[in-house]
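As a plain string of letters, each chain reads:
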Amino acid sequence: DFAAAQRPSAVARVKIEKVSETPAGNQRSAFTIEHASISAEIDLIQSELVFGKVIRDLDLARLWSERSGTATPLTAAETSARLRHEVELIPVEGKGLLDIRVTSDLPEEAARTANAVADTYRDCRNEQREKQKQALVSTVTSVEERWTSLGRQIIETREKIEQLRLQHPALE
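What this report covers is the structure whose coordinates are included nearby. (Residues numbered from 1 in each chain as written. Predicted model: local features only at pLDDT ≥ 70, side-chain atom pairs only at ≥ 80, totals over all residues. Heavy atoms only, no water.)

1. As for the nonpolar core
- Ranked by internal contacts, the top residues of the largest apolar core, which has 27 residues, are Ile45, Leu83 and Ile100.
- Where this core is concerned, the elements lending two or more residues are strand E1 (9-15), helix H2 (30-45), helix H3 (48-57), helix H4 (60-68), strand E2 (87-92), strand E3 (97-103) and helix H6 (107-167).
- Those residues in contact with leucine 83 that lie beyond four places of it in its chain are Phe51, Val54, Ile55, Leu60, Trp64 and Thr113. (Core = buried A, V, L, I, M, F, W, Y, C linked by side-chain atoms within 4.5 Å. Buried < 20%, exposed > 50% of the residue type's maximum accessible area, 1.4 Å probe, protein only. Helix = DSSP H or I, 4+ residues; strand = E, 2+ residues; numbered from the N terminus. Contact = heavy atoms within 4.5 Å.)

Structure representation (structure tokens):
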């Protein structure tokens, strides 16, 4: 649509987090892995976690309703659909980056929205990374505790065996 192409836009760029590492011996190509990672990150950005938070933080339902002259705010579904229409997520090939291009009738709104999507995505990823880190620390702590417990059991068992040897020399 030519009219849409003439609307002001703003771009924010984010680094894409890899979804998962490829196991050794896996024959999947780097392209397939990159495509899967990009697709997963686009899904995350368009999810309630990111878009939903941006909609709430920027109060887009009310803002867009007022601008269109509607007395009631847009529904969550209407607001989300409009945001999906105004946000274009463009992978920067081979760079692990994603451009977030937002079009709006107001350049300031386009910039504010692009930055909000980028910031919210970054915060979401940081929060997920922190949760993974906490889960890993918890797992390591649990393994260390089990290791220590098993070490004590081994020592106790050796001591019992030694006591039995002393009590029953004929068993040697």
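After presenting the structure, the write-up continues.
2. Examining the sheet that holds E3
- As summarised here, the arrangement of the three strands in space is E1-E3-E2, forming an open sheet in which the pairing is antiparallel. With partners counted over all chains shown, the strands left at the sheet margins are E1 and E2, one partner each. Ignoring strand direction, the axes of neighbouring strands in this sheet form an average angle of 25°.
- Where E2 lies against E3, six bridges are found, and the strand directions are antiparallel. By the bridge assignment, valine 87 is partnered in E3 with valine 102.
- Running at roughly 45° to E2, helix H5 (residues 76-86) makes contact with E2 and E3 of the sheet. (Pairing = 2+ DSSP bridges. Axes fitted to C-alpha atoms, helices over the stretch in contact; angles between N-to-C directions.)

3. Structural notes on unusual backbone geometry
- Of note, aspartate 59 is a non-glycine position whose phi angle comes to about 50°, a positive value.
- One can find aspartate 59 in the loop between H3 and H4.

4. Here's the deal with the pairing of E3
- By the criterion of burial, E3 is predominantly enclosed, with five of the seven residues buried.
- Relative to E3, E1 runs antiparallel, the two being bridged by seven bridges. Following the sheet pairing, lysine 15 is matched in E3 by leucine 97.

By themselves, these figures tell us nothing about what the structure is for.
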